[in-house]
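Structural overview for review
Residues per chain, in single letters:
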Amino acid sequence: MIPRRCRADEQKRRLVAAEIPAGRVATIEVVSHPHTLAREMAVEIQTTGDQQLRVLGNPLKMSGTPVRLDRPASRRARSTNPS
């Protein structure tokens, strides 16, 4: 078991030594990377409360049927409460 106080680099070293695939997790800064922005993998949408919200874009890019993020989720999708 890896102690909680162990630093990320040390945790990675221990996991790799135990033949467990490991790597550092990308930080939120990835969302602002020029390549990420060019591929529209981080997009801003308008919420129903009239606020801008940055969300992950769709990874599928199809020229004939581009993804539309210009409307809110359907009423059913907005709530997890059964009706």
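Numbering of residues starts from 1 in each chain and follows the order in which that chain's sequence is written. Local features in a predicted model are, by the rule used here, given only for residues with pLDDT of at least 70; side-chain atom pairs are given and counted only at 80 or more, and totals for whole chains, interfaces and linings are based on all residues. For side-chain calculations, the full set of non-hydrogen atoms in the structure is used, while hydrogens and water are omitted.

**Describing the overall build of the protein**
- Secondary structure assignment for the protein yields 3 helices and 2 strands.
- Each helix corresponds to a stretch of at least 4 residues labelled H or I by DSSP, and each strand to a stretch of at least 2 residues labelled E; elements are numbered beginning at the N terminus. Along the protein, helices and strands appear, N-terminal first, in the series α-α-β-β-α.
- The contact definition used throughout considers only heavy atoms, calling two residues in contact when any of these lie within 4.5 Å. Here the analysis covers contacts within the protein between residues at least 6 apart in sequence; of these, 8% occur between residues at least 24 apart.
- With an accessible surface of roughly 8000 Å², the protein has 53% of that area assigned to carbon and sulfur atoms. All accessibility values rest on the Shrake-Rupley procedure with a 1.4 Å probe; residue burial counts only the protein chains present in the view.

**Topic: the confidence of the model for the protein**
- When pLDDT is averaged along the protein, the result is 77; 73% of the residues meet or exceed 70.
- Taken element by element, the protein is modelled with least confidence in helix H3 (residues 75-78), mean pLDDT 57, and with most confidence in helix H1 (residues 8-17), mean pLDDT 89. By definition, pLDDT measures how confident the predictor is in each residue, and it falls between 0 and 100.

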